[in-house]
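Fold and geometry: a report
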Amino acid sequence: WTSEKEINFFLEKGISTRIEQTLSDGKVLENWIPFVRGGGFGVTGSIQPAVDNSGGSSDGLRTEFKFESATLDIGKWGTYNFPPLGEGWFDTVYLDDELRIDLNSRNDILICRGE
């Protein structure tokens, strides 16, 4: 579940039924919105632990991100790359091994479960 209006657009219009987010190697963030009729929209970016004002590590909850690529796959009509928009941070609280809650720099909330 999320309060992000851009993601909810795809869900509310029936374009997609789910959103996938992958955090890989502690360095890569991938968001993928698979379309019901094939294809999808995705962004990929870098992530890193936030640092505090003194240059040290933050409390471990905050992660900074910056999107570096965006792709729209519309099946037989082709795949298109776009300049990515977006950078900021998200704070994460892990409720257990499967469930986490994120609050990001735009005050959006994400509730995510592992698969």
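Overview of the structure. None of the values given here were measured: they were computed from a predicted structure. (Residues numbered from 1 in each chain as written. Predicted model: local features only at pLDDT ≥ 70, side-chain atom pairs only at ≥ 80, totals over all residues. Heavy atoms only, no water.)

Points about the environment of Asn31
- Mapped onto the fold, Asn31 is located in strand 2 (residues 28–34).
- Residues Asn31 and Glu20, spaced 11 residues apart in sequence, show a C-alpha to C-alpha distance of 5.7 Å.
- Apart from residues lying up to four places away in sequence, Asn31 is in contact with Glu20, Gln21, Phe41, Gly42, Val43 and Phe67.
- There is a polar contact of 3.0 Å between the side chain of Asn31 and the side chain of Gln21. (Helix = DSSP H or I, 4+ residues; strand = E, 2+ residues; numbered from the N terminus. Contact = heavy atoms within 4.5 Å. Polar contact = N/O pair within 3.5 Å; in protein donor to acceptor, adjacent residues only side chain to side chain.)

Brief notes about the side chain of Asp108
- Structurally, Asp108 is set in the loop between strand 7 (99–104) and strand 8 (109–113).
- Here Arg106 takes part through its side chain, which lies 2.9 Å from a polar atom of the side chain of Asp108.
- Contacts of Asp108, omitting those with residues within four sequence positions, involve Ser3, Glu4, Asp102 and Leu103.

Topic: the nonpolar core
- Counting 7 residues, the largest nonpolar core is built from Leu29, Val43, Ile47, Phe65, Phe67, Ala70 and Phe90.
- Elements supplying a minimum of two residues to this core: strand 3 (40–49) and strand 4 (62–73).
- The dominant element in this core, judged by the number of residues it contributes, is strand 4, at 3 residues.
- Residues in contact with Ala70, not counting those within four places in the same chain, are Phe41, Gly42, Val43, Tyr80, Asn81, Phe82 and Pro84. (Core = buried A, V, L, I, M, F, W, Y, C linked by side-chain atoms within 4.5 Å. Buried < 20%, exposed > 50% of the residue type's maximum accessible area, 1.4 Å probe, protein only.)

Looking at helix 1 (residues 5–12)
- Residues of helix 1 that are buried: Ile7, Asn8 and Phe10. Take helix 1 and look down its axis: the buried residues cluster within an arc of 150 degrees, on one side only. Away from its buried face, by an angle of more than 90 degrees, helix 1 presents the exposed residues Lys5 and Glu12.
- Where helix 1 is buried, its residues meet strand 2.
- At the exit of helix 1 stands Gly14, carrying a positive phi of roughly 75 degrees. (Arc of directions from axis to C-beta.)

Without other data, these values stay purely geometric and don't point to any function.
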